[in-house]
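# Report on the structure
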Amino acid sequence: MKMMMTILMTNQVIILKNKKKSMKKIKKHHSYLLLRKKQILVLMFLLYLHQMQKPKKKEKKTLLTKLNSVKHQPAPTVDPAVLALAQHRIAGLQKGQEVTFDSKNLPDTVLFTCIKLKPMLSKSMGFNLGSLAEKKLLRCIGVNRERVLVFDTRGQATKFGVKAIVKSNHHLTELVKLTFPRAREPDVIAMHIRAGISPDAPIDQVALKSKIYKVPRAQQLIKALQDKLARFR
């Protein structure tokens, strides 16, 4: 009996020792996890401070980046009677006139900021030969229910309230075709406008006046023109 008691006591002592060892291991592992967690948090905080102190790269603002940042919105719809009167006024706009971009002056008109690419012939030094250069001018194309207009915003962003100068004003039916003169630049569009009968050409041949524009939202412009032209087909 005494021997049995001794064996049981010994087993209990061994179990207690094993429990203590297990608890120590658990505590040690828990402490290690807490330490790693603290280290990770410290590293994350240091990384955050590094990112905050890192100087931000200044974006090089070019004419094209300004164009892409502009939000283009159509003018709100108005009463048909008011629209008819306004349309009559729009048809009478002449080159050089000042117009304010708002629903009163340009109802049912979608505006597209663009860059006019104007070929420019400059003489080379000491030679009669000319080299073809390109002048870039900030413009805005307005697509109306009956007309296509081009405005000079005088360097301002295209938005409601801006005062712009009329550069051209044509009926949509005068727009003969659109072409893409640069295969690698799908946003460069050439607008070919009917300019009357050429004196040197046969009577049935129409003279065209072409203007080239770089339009960030070229596909939207083409769709707007197609939708408005559908009325005259």
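Let us look at the structure shown here. (Residues numbered from 1 in each chain as written. Predicted model: local features only at pLDDT ≥ 70, side-chain atom pairs only at ≥ 80, totals over all residues. Heavy atoms only, no water.)

Check the secondary structure of the chain and you find four helices and eight strands. In the chain, the order of α-helices and β-strands from amino to carboxyl end is α-α-α-β-β-β-β-β-β-β-β-α. Total accessible area computed for the chain in this model is approximately 17300 Å², and 61% of it derives from carbon and sulfur atoms. (Helix = DSSP H or I, 4+ residues; strand = E, 2+ residues; numbered from the N terminus. Areas by Shrake-Rupley, 256 points an atom, 1.4 Å probe, with all protein chains shown as cover.)

Tallied over the full model, the rule gives 10 salt bridges. With its nearest N and O atoms 3.1 Å apart, the salt bridge here joins K214 to E185. Taken as a pair, K214 in strand β8 (residues 206–214) and E185 in the loop between β6 (175–179) and β7 (188–197) lie far apart in primary sequence, 29 residues in all. Residue K214 is classed as buried on the basis of its relative accessible area of 14%. Among the charged side chains, a network of salt bridges with common partners joins E134, R182, E185, D187 and K214. (Salt bridge = Lys/Arg side-chain N within 4 Å of Asp/Glu carboxyl O. Buried < 20%, exposed > 50% of the residue type's maximum accessible area, 1.4 Å probe, protein only.)

Attention now moves to the side chain of T113. Structurally, T113 is set in strand β2 (residues 110–123). A polar contact of 2.6 Å, which involves the side chain of T113, links it to the side chain of T158. (Polar contact = N/O pair within 3.5 Å; in protein donor to acceptor, adjacent residues only side chain to side chain.)

This next bit is on the nonpolar core. Residues I141, V143, M191, Y213, V215, L221 and L225 are the most contacted members of the largest nonpolar core, which totals 19 residues. Here the element with the most residues in this core is helix α4 (residues 218–229); it accounts for six residues. In terms of nonpolar packing, the next biggest core, distinct from the first, is built from 12 residues, I90, L149, V162 and V166 among them. (Core = buried A, V, L, I, M, F, W, Y, C linked by side-chain atoms within 4.5 Å.)

The subject of this paragraph is the packing of aromatic side chains. If you walk through the whole model with that rule in mind, you get one aromatic pair. The interplanar angle of 75 degrees and the centroid separation of 5.2 Å between the aromatic rings of F101 and F151 together place this pair among those described as edge-to-face. In this pair, F101 sits in the loop between β1 (98–100) and β2 while F151 sits in strand β4 (residues 147–152), placing the two residues 50 residues apart along the sequence. Taken as a pair, F101 and F151 share a single burial class, namely buried. Positioned above the aromatic ring of F232, the side-chain terminus of R231 is 5.2 Å from the ring centre. (Phe/Tyr/Trp six-rings, centres within 6.5 Å; stacked < 30°, edge-to-face > 60°. Lys NZ or Arg CZ within 6 Å of the ring centre and 35° of its normal.)

A separate point is a positive patch on the surface. The grouping of K95, K118, K135, K167 and K209 at the surface amounts to a positive patch. Residue classification places K118 among the partly exposed positions, given a relative accessible area of 41%. (Patch = residues over 30% accessible without salt bridge, like charges linked within 9 Å, V, L, I, M, F, W, Y side chains within 5 Å. Lys, Arg positive; Asp, Glu negative; His and termini not counted. Charge placed at Lys NZ, Arg CZ, Asp CG, Glu CD.)

Moving on to the layout of surface pockets. Gaps left between atoms show up when a probe the size of a water molecule is rolled over them. In this structure, the largest pocket occupies an estimated 340 Å³ of space. Of all the secondary-structure elements, those providing two or more residues to the lining of the largest pocket are β4, β5 (163–171), β7 and β8. The element best represented in the lining of the largest pocket is β5, accounting for four residues. Its residues assigned to classes, the lining of the largest pocket comprises six nonpolar, four polar and six charged. (1 Å grid on protein atoms, 1.4 Å probe; cavity = no way out; pocket = protein on both sides within 12 Å on 5 of 7 lines; lining within 4 Å. Points joined across faces, edges and corners; volume = space filled by probe spheres on them. Nonpolar A, V, L, I, M, F, W, Y, C, P; charged D, E, K, R; others polar.)

On to the pairing of β4. In terms of residue burial, β4 counts as a mostly covered element, since six of its six residues are buried. Neither face of β4 is open: one carries R147, L149 and F151, the other V148, V150 and D152, and all of them are buried. Sheet topology places β4 next to β5; six bridges connect them, and they run antiparallel. Paired with V148 across the two strands is H170, which belongs to β5. (Pairing = 2+ DSSP bridges.)

The next subject is the environment of A91. With respect to the secondary-structure elements, A91 resides in helix α3 (residues 80–91). C-alpha of A91 to C-alpha of H170: the two residues are 79 residues apart in sequence and 8.1 Å apart in space. Excluding its chain neighbours within four sequence positions, the residues that come into contact with A91 are R147 and N169. (Contact = heavy atoms within 4.5 Å.)

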